[in-house]
Amino acid sequence: MPTDPSTTPHAMPDAVEDGWFPESVAASYDSSTDREFDPAVVARTVDVLAGLAGDGAALELAVGTGRVAAPLALRGVPVHGIELSRAMAARVADKPGGDRVAVTVGDMTSARVPGEFSLAYLVFNTIGNVTTQDGQVDCFRTAAAHLRPGGHFVVEVGVPPLRRMPPGQDTVPFTVAPDGAGGGYVGFDRLDVVTQRFTSNHVTVGPDGTGRFRWLPFRYVWPAELDLMARIAGMRLVHRWEDWDRTPFTADSERHVSVWQVAAS
């Protein structure tokens, strides 16, 4: 997709209510080179989610531009999404299968939509976009409120990289990518181990030396902490993998896909 919002069919100024994902971000969101946008990764993600949904419907918290919801709908799974950013939500219908995805604009910590679901899911580190522990607990409560007995809630998120930080250090680089033309991209996280809050920082520099800096706030959360959030919401852990290919989760895993289940009645 083009990076200049004025050239997009959804051109509009940034709106405060769209939070950290306004039009200027949404316009180029799907052109990301992150591994999560790789069609093969998306296909594996959808395979797992479709299997967990079974014969029921799926609810995506923070549906974004429909990167996962649209192909899941193409698999025949009825999908409803909740999304805070209108700029992001406006792009869901543009994707193959996106016209089958119902979208509610709202906050995933509190929004409610009609219907009963066999699956709720929250992918690509988005639980961390909620920057308080109470808010993250409310995400689990949102999922549980929509799930039928026996339904599943899935979260994909990174493991806090504190093992990579010696005492006194608060910054961890995750990408250093020169482009060969004199520019490039540097990404780094800056973490506060007291509050569990951190910023994800992105620096892009063009060949002419001009640059752009963008940062996003997050709250990192431990796997065991997520398990307790699930218990508070009436769910229990049934699976934890390193990735969507169901690789076993180990002490060296840098991310996890976790699945909790609502107790069957």
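Source: prediction; values computed, not measured.

Caption draft 1: A look at the nonpolar core. Ranked by size, the top nonpolar core spans 29 residues in total, and within it Ile127, Phe140, Phe153, Val155, Leu226, Met235 and Trp260 carry the most contacts. For this core, the secondary structure elements donating two or more residues are strand E1 (58–61), strand E4 (117–122), helix H5 (133–146), strand E5 (147–158), helix H6 (223–232) and strand E11 (255–262). The element that contributes the greatest number of residues to this core is H5, accounting for 5 residues. Of all hydrophobic cores here, the second largest spans 27 residues; its members include Val101, Leu119, Tyr121 and Val259.

Caption draft 2: Molecular detail of the packing of aromatic side chains. By the definition in use, this model includes 10 aromatic pairs. With 6.4 Å between their ring centres and 80 degrees between their planes, Phe21 and Tyr29 make a pair best called edge-to-face. An angle of 70 degrees between the planes, with centres 5.1 Å apart, marks the rings of Phe140 and Trp260 as edge-to-face. You can see Phe140 sitting in helix H5 and its partner Trp260 sitting in strand E11, a full 120 residues away along the chain. The residues Phe140 and Trp260 share a single accessibility class, namely buried. Chaining the aromatic ring pairs together yields one cluster made of Phe21, Tyr29, Phe37 and Phe124. Above the ring of Phe37, the side-chain terminus of Arg67 is found at 5.3 Å from the ring centroid. The cationic tip of Arg246 hangs over the ring face of Trp241; the distance from NZ or CZ to the ring centre is 5.3 Å.

Caption draft 3: Highlighting the packing of H5 against H6. H6 packs onto H5 with a crossing angle of 55 degrees between their chain directions and a minimal axis gap of 8 Å. For the element pair H5 / H6, the angle class is oblique. Like other packed secondary-structure pairs, H5 and H6 cross with a definite hand, here right-handed. Where H5 abuts H6, its residues Gln133, Gln136, Val137, Phe140 and Arg141 lie against Glu225, Leu226, Met229, Ala230 and Ile232. Considering only residue class, the contact of H5 with H6 consists of 6 nonpolar, 2 polar and 2 charged.

Caption draft 4: Highlighting the sheet that holds strand E6 (residues 171–178). Ordered in space as E6-E7-E8-E9, the 4 strands form an open sheet in which the pairing is antiparallel. This sheet does not close on itself; its edge strands, each paired only once, are E6 and strand E9 (211–219). Averaged over all pairs of adjacent strands, the angle between their axes in this sheet comes to 10 degrees, without regard to strand direction. As paired elements, E6 and strand E7 (residues 184–192) share 7 bridges and run antiparallel to each other. Bridge pairing in E7 links Ala177 to Tyr185.

Caption draft 5: The side chain of Thr142, seen in detail. Among the structural elements, Thr142 can be located in helix H5. Residue classification places Thr142 among the buried residues on the basis of a relative accessible area of 0%.

Conventions and cut-offs
- Residues numbered from 1 in each chain as written.
- Predicted model: local features only at pLDDT ≥ 70, side-chain atom pairs only at ≥ 80, totals over all residues.
- Heavy atoms only, no water.
- Core = buried A, V, L, I, M, F, W, Y, C linked by side-chain atoms within 4.5 Å.
- Buried < 20%, exposed > 50% of the residue type's maximum accessible area, 1.4 Å probe, protein only.
- Helix = DSSP H or I, 4+ residues; strand = E, 2+ residues; numbered from the N terminus.
- Phe/Tyr/Trp six-rings, centres within 6.5 Å; stacked < 30°, edge-to-face > 60°.
- Lys NZ or Arg CZ within 6 Å of the ring centre and 35° of its normal.
- Axes fitted to C-alpha atoms, helices over the stretch in contact; angles between N-to-C directions.
- Parallel < 35°, antiparallel > 145°, perpendicular 65-115°, else oblique.
- Left-handed = near helix turned anticlockwise from the far one by under 90°.
- Contact = heavy atoms within 4.5 Å.
- Nonpolar A, V, L, I, M, F, W, Y, C, P; charged D, E, K, R; others polar.
- Pairing = 2+ DSSP bridges.

Shape descriptors only; they carry no functional weight alone.
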